[in-house]
Amino acid sequence: MNMSDSERVKAVIERVGFIPTDNEDEASLLGVLSCSVRQKPIDKVYNRIHVWNKKKSRQHIITFVSGCVLPDDRDKFLKLFDFVFPMSELNDFPNMLKEYGVASPLLLNQEPGASQNAFPIELPNHHFKPVSKIGLKPEKPRMPSNQDIFQLWNVKPNYQSEFEAYVPIQNGCDKFCSFCAVPYTRGREVSRPSAEIIMEVKELMLNGYKSITLLGQNVNSYGLDRDAEISFAELLAKIGELGITLKNPSWVYFTSPHLRDMSRDVIEAIAKYPVLAKQIHLPLQSGDDQVLVKMNRKHNLDRYRESVAHIRELIPQATLFIDIIVGFTGETEEQFLNTVKSFDEFQFNMAYVAMYSPRPGAQSFRWENDISQTAKKDRLQRLSNKLEEISGNYNQHMIGKTLKVLVRTKERKTGYLSGVTEGKLVTRILSKDTGLIGQFVMVTITDASGLSIAGELVAINAETTITN
Ligand code: SF4
């Protein structure tokens, strides 16, 4: 979500004339989109702003923070950053800059005699006061209104990749899992109008994007908040039909869904349409029913079993990814072992395993964080070993198969290409032809390990021509 948001931030900043740089030292405007899901990313934000503020004694710098910010952090950020604003107010950012006397490069260039290369610009030599302190924005943070969110979606993103794109379709969450602060930072569920989504997806397909991911905190709750709108399954079907009409070879993913809204018709749509990728990320969070109750997930293991049975029946080739938390408040060894057993039962291909960390604002923040860090690390390690064993077995079965792979990058150490299959299996390609990055190729798998596969390039241009 932050990657997607950053594409919109970049578009708004560039609109007023700033240009991006890879060199932080020459930047006049520095910002960060924070993530409150865990403490570690927040710690990184604090580290970064301290570095930036030190630089201010010798350099003119404007700083901002946006993204997912909890109220406690917001109050602290107000003292550290020049601008603190929620993503829903991104459209106002150029006005905020103007209000504070920051001359944007575009304005400078419009003045008679101004240089066309007025960057890096000379910014006023004073420390800007936090936005809320002089009354431009309300002192108290408020939940974004639907209107704010719609305006944010209307910002045309400045995509960072020429072959992978993220399309936000839903914002917020009504589920209130006890460990999670998202409903308090992102607000309640709201869905983007389907016509806008279809338009953005169509444009991406026509521009040759190979991997398109529909995004939402509860992506498959799409449509539940809007009486007149279509359901998530219907949205998928529309995108599926679009893929057929355009003879489009891309892979369309979605993340993250919630099990409660994972209806059979969603799985049927994925099975039916070739453009909908056969990879499903279905968070479980714990393999123990009692822990699930404590987490307020409002589903049990049987419900998960039922959904996985539908997936295996209708899309047997689909890979299955999950999110899991270890060391949640009060999690016993026996309860943890139930999570390990769930790995054996469901044969996950990938698991994003997190050690529980209490988040201010979430319900569980008030509960005792009674599992030691050592025990959490131990559980994380044991679960990672289990995952490698299971996914390693699966990967072994890929040897000898020829798979379509999207080349994403080159490995830093070896120089070999790296890509992903439709099921998001990480694949090393025994080629160093970086001209293939962003292309579909065919790879015959010759080797497999716990978390990846490797093979020889046997064909390039593994795609159908796009037609309008
Ligand atoms: S479903 Fe639960 S974990 Fe996911 S965003 Fe909502 S509250 Fe957080």
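That block above? That's the structure.
Residues numbered from 1 in each chain as written. Predicted model: local features only at pLDDT ≥ 70, side-chain atom pairs only at ≥ 80, totals over all residues. Heavy atoms only, no water.

Caption draft 1: The pattern of salt bridges, seen in detail. In total, this model carries 26 salt bridges according to the counting rule given. Residue Arg 264 is joined to Glu 268 by a salt bridge in which the shortest nitrogen-to-oxygen separation is 3.4 Å. One end of the pair, Arg 264, and the other, Glu 268, are both in helix α10 (residues 264-272), 4 residues apart, so they sit about a helical turn from each other. On the basis of relative accessibility, which here comes to 39%, the residue Glu 268 falls in the partly exposed class. Counted as one network, the salt bridges with shared partners bring together Glu 331, Glu 333, Asp 378, Arg 379 and Arg 382. (Salt bridge = Lys/Arg side-chain N within 4 Å of Asp/Glu carboxyl O. Helix = DSSP H or I, 4+ residues; strand = E, 2+ residues; numbered from the N terminus. Buried < 20%, exposed > 50% of the residue type's maximum accessible area, 1.4 Å probe, protein only.)

Caption draft 2: Summary view of helix α14 (residues 373-396). In this model, α14 (24 residues) spans 34 Å end to end at C-alpha, consistent with the 34 Å of a helix rising 1.5 Å per residue. Taken together, the buried positions of α14 are occupied by Lys 376, Arg 379, Leu 383, Lys 386, Leu 387, Ile 390, Ser 391, Gly 392 and Asn 395. Its buried side turned inward, α14 meets β10 (319-326), α13 (333-346), β11 (350-355), β15 (440-448) and β16 (453-460). (Expected span 1.5 Å × (residues − 1). Contact = heavy atoms within 4.5 Å.)

Caption draft 3: Looking closely at helix α12 (residues 301-314). With 14 residues, α12 extends 20 Å from end C-alpha to end C-alpha; this agrees with the ideal 20 Å at 1.5 Å per step. The inward-facing, buried residues of α12 contact α10, β9 (279-281), α11 (289-294), β10 and α13.

Caption draft 4: Quick peek at the packing of aromatic side chains. Enumeration according to the criterion identifies 19 aromatic pairs in this entry. Geometrically, the ring pair formed by Phe 64 and Phe 85 is stacked, given 5.9 Å between the ring centres and 25° between the ring planes. Separated by 21 residues along the polypeptide, Phe 64 in strand β2 (residues 62-67) and Phe 85 in the loop between β3 (83-84) and α4 (93-99) bring together distant segments of the chain. The same class applies to Phe 64 as to Phe 85, namely buried. When the centroid spacing of 5.6 Å and the interplanar angle of 55° are considered together, the rings of Tyr 159 and Tyr 209 count as tilted. In this pair, Tyr 159 sits in the loop between α6 (146-154) and β4 (164-168) while Tyr 209 sits in the loop between α8 (194-206) and β7 (211-215), placing the two residues 50 residues apart along the sequence. (Phe/Tyr/Trp six-rings, centres within 6.5 Å; stacked < 30°, edge-to-face > 60°.)

Caption draft 5: Up close: the pairing of β4. With respect to burial, β4 is a largely interior element, 4 of its 5 residues being buried. Relative to β7, β4 runs parallel, the two sharing 5 bridges. Bridging from a neighbouring strand, Val 167 pairs with Leu 214 of β7. (Pairing = 2+ DSSP bridges.)

Caption draft 6: Focus on the sheet that holds β9. Taken in spatial order, the 3 strands make up an open sheet running β9-β10-β11, and their pairing is parallel. Strand pairing shows two members of the sheet lacking a second neighbour, β9 and β11, which therefore form its edges. The mean angle between the axes of side-by-side strands here comes to 15°, regardless of whether they run parallel or antiparallel. By the bridge criterion, 6 bridges tie β10 to β11 in an arrangement that is parallel. Counterpart to Ile 324 in the pairing with β11 is Val 353. Docked against the sheet, α14 engages β10 and β11, running at close to 180° with respect to β11. (Axes fitted to C-alpha atoms, helices over the stretch in contact; angles between N-to-C directions.)

Caption draft 7: Inspection of the site of the ligand at higher detail. Taken together, Cys 173, Lys 175, Phe 176, Cys 177, Phe 179, Cys 180, Val 182, Pro 183, Asn 218, His 258 and Arg 297 make up all the residues around the ligand. Within the shell around the ligand, the residues separate by chemical class into 7 nonpolar, 2 polar and 2 charged. (Near = heavy atom within 4 Å. Nonpolar A, V, L, I, M, F, W, Y, C, P; charged D, E, K, R; others polar.)

Caption draft 8: View of the packing of helix α2 (residues 39-55) against helix α3 (residues 71-80). With their axes 11 Å apart at the nearest point, α2 and α3 run at an angle of 10° to one another. With respect to α3, the axis of α2 lies roughly parallel. Two secondary-structure elements touch here, α2 through Ile 42, Val 45, Tyr 46, Ile 49, His 50 and Asn 53 and α3 through Asp 73, Lys 76, Phe 77 and Leu 80. Taken together, the residues that form the contact of α2 with α3 break down as 6 nonpolar, 2 polar and 2 charged. (Parallel < 35°, antiparallel > 145°, perpendicular 65-115°, else oblique.)

Caption draft 9: Fine view of the sheet that holds β3. Strand order across the open sheet formed by 3 strands is β1-β2-β3, with parallel pairing between neighbours. Both outer strands of the open sheet, β1 (29-34) and β3, are each paired with one neighbouring strand and no more. By the bridge criterion, 6 bridges tie β1 to β2 in an arrangement that is parallel. From the neighbouring strand, Leu 29 faces β2, where its bridge partner is Ile 62. Across the sheet, helix α1 (residues 2-15) lies against β1 and β2, angled at about 155° from β1, the strand it touches most.

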